[in-house]
Amino acid sequence: MLQHLQCGRFRLSLERPLVMGIVNVTPDSFSDGNAHFQPDQAVAHARLLVEEGADLLDIGGESTRPGAQAVPADEELRRILPVIEALRDCGVPLSVDTCKPSVMRAALEAGADMINDIGGFSAPGAVEAVADAGCALCLMHMRGEPRTMQDAPSYRDVVAEVHDYLDQGARRLRRAGVAADRIVLDPGFGFGKTAAHNYTLLRELPRVVGRDYPSLLGLSRKSMIGAVTGRPASRRLGGSVAAALAGAIRGAHILRVHDVADTVDALRVWSAVERGVRA
Ligand code: 7PJ
């Protein structure tokens, strides 16, 4: 059984699924438009997510939606650094969603506790940027790059291929000296996958992520929810909570979501069913 995740200043218990609240500081995020683009709005939103029960926050300054264009490192830092600084003492660990080694280093210096790299620490210098810090590392699978990843993705065996990628990536981090209790694996829902691939990965989660490292799932408001509900991103709450619960039932450790309060409620009800209500 995995007991804990070492996450910068925090040591997180993995006894129950944790909820990671999404804090976008981007003008073109697909699901909440530019609602929190200004740093002060992003900070206010993040504080609300903590009040709603977020166990971690994931701060992103580069949109990674399908078709998105890359953002230069200095612009990404201009967006996220004030947010990290303002939230440093909010009580929960701060994750930073970035693929760029220079952004990783600056974010860690500013106090980030986790680096969430959708590129799987594959950029030159990425592993070196994070290996000697005490931060947690989320290693995500992606096929291709955001600009082109949804152009007819195909796999011979999606479960085996995503598993092997994550396994190899974790070995690479371990060889660079990263302790096992700092690593988190993520199947990367929607990153170079069809709806059918995504649902197969969710159904087979234990085989995809294995037993050696905790898992993180990003399902919230994604097109895989729209694919079966027929709803636009703004109306995918019910579907997203159902997907998060399906992940939790299969042993997911961290759920990355926009709707923290509703996800926390669903997990509490599920926990009461499974474990009973504490007196
Ligand atoms: C994910 C992410 C995900 C991790 C995004 C969105 C697109 N990081 N960053 N996993 N998705 N680790 O929020 O829908 O699935 S950006």
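The structure reproduced in this document is the subject of the present report. Everything numeric here is computed off the predicted structure, so don't read it as measured data.

1. What to know about the overall build of the protein
Of regular secondary structure, the protein possesses 10 helices and 10 strands. A compact globule built from 279 residues should have a C-alpha radius of gyration of about 19 Å, and the protein, at 17 Å, falls within 12% of that. Here the C-alpha coordinates of the protein stretch approximately 45 × 45 × 40 Å along the principal axes. Here the protein holds 279 residues, and the buried ones make up 54% of them.

2. Structural notes on unusual backbone geometry
The backbone of phenylalanine 121 sits at a positive phi, close to 55°, despite the residue not being glycine. What makes phenylalanine 121 buried here is its relative accessible area of 1%. The backbone of arginine 221 sits at a positive phi, close to 60°, despite the residue not being glycine. With respect to the helices and strands, arginine 221 occurs in the loop between β9 (216-218) and α8 (223-229).

3. Remarks on the site of the ligand
Neighbouring the ligand are 13 residues, the closest being Thr64, Asn116, Asp186, Lys222 and Arg256. Taking asparagine 116, its side chain carries an N or O atom lying 2.7 Å from a nitrogen atom of the ligand. In the model, an oxygen atom of the ligand is placed 2.8 Å from a nitrogen or oxygen of the arginine 256 side chain. Here the ligand, which alone exposes 390 Å², has 94% of that area covered by the protein. For the shell around the ligand, the class distribution of residues is 6 nonpolar, 3 polar and 4 charged.

4. So, the pairing of strand β8 (residues 183-186)
Taking every second residue as pointing to the same face, both faces of β8 are buried, with Ile183 and Leu185 on one and Val184 and Asp186 on the other. Pairing of strand β7 (residues 136-140) with β8 involves 4 bridges; the strand directions are parallel. Along β8, the bridge assignment pairs cysteine 138 with valine 184. Remark: the β7/helix α5 (residues 158-175)/β8 crossover connection has right-handed handedness.

5. Side note on the sheet that holds β7
Where strands meet in a sheet, backbone hydrogen bonds hold them as pairs that are either parallel or antiparallel. Ordered in space as β8-β7-β6-β5-β4-β3-β10-β9, the 8 strands form an open sheet in which the pairing is parallel. Every other strand in the sheet has two partners, leaving β8 and β9 as the edge strands with one partner each. For this sheet, the mean inter-axis angle between neighbouring strands, taken without regard to orientation, is 25°. Packed onto the sheet, helix α10 (residues 260-275) meets β3 (18-24) and β10 (254-257) and runs at close to 170° relative to β3.

6. Considerations on the pattern of salt bridges
Inspection of the entire model under this criterion finds 12 salt bridges. Ionic pairing is found between arginine 221 and aspartate 259, a salt bridge with its closest N-O pair at 2.9 Å. Of the two residues, arginine 221 sits in the loop between β9 and α8 while aspartate 259 sits in the loop between β10 and α10, which places them 38 residues apart along the sequence. As far as burial versus exposure is concerned, arginine 221 and aspartate 259 are alike and both buried.

Basis of the calculations
Residues numbered from 1 in each chain as written. Predicted model: local features only at pLDDT ≥ 70, side-chain atom pairs only at ≥ 80, totals over all residues. Heavy atoms only, no water. Helix = DSSP H or I, 4+ residues; strand = E, 2+ residues; numbered from the N terminus. Rg over C-alpha atoms; globule rule 2.2 N^0.38 Å. Buried < 20%, exposed > 50% of the residue type's maximum accessible area, 1.4 Å probe, protein only. Near = heavy atom within 4 Å. Polar contact = N/O pair within 3.5 Å; in protein donor to acceptor, adjacent residues only side chain to side chain. Areas by Shrake-Rupley, 256 points an atom, 1.4 Å probe, with all protein chains shown as cover. Nonpolar A, V, L, I, M, F, W, Y, C, P; charged D, E, K, R; others polar. Pairing = 2+ DSSP bridges. Right-handed = clockwise from strand over helix to strand, strands pointing away. Axes fitted to C-alpha atoms, helices over the stretch in contact; angles between N-to-C directions. Contact = heavy atoms within 4.5 Å. Salt bridge = Lys/Arg side-chain N within 4 Å of Asp/Glu carboxyl O.

Structural measurements only, silent on function.
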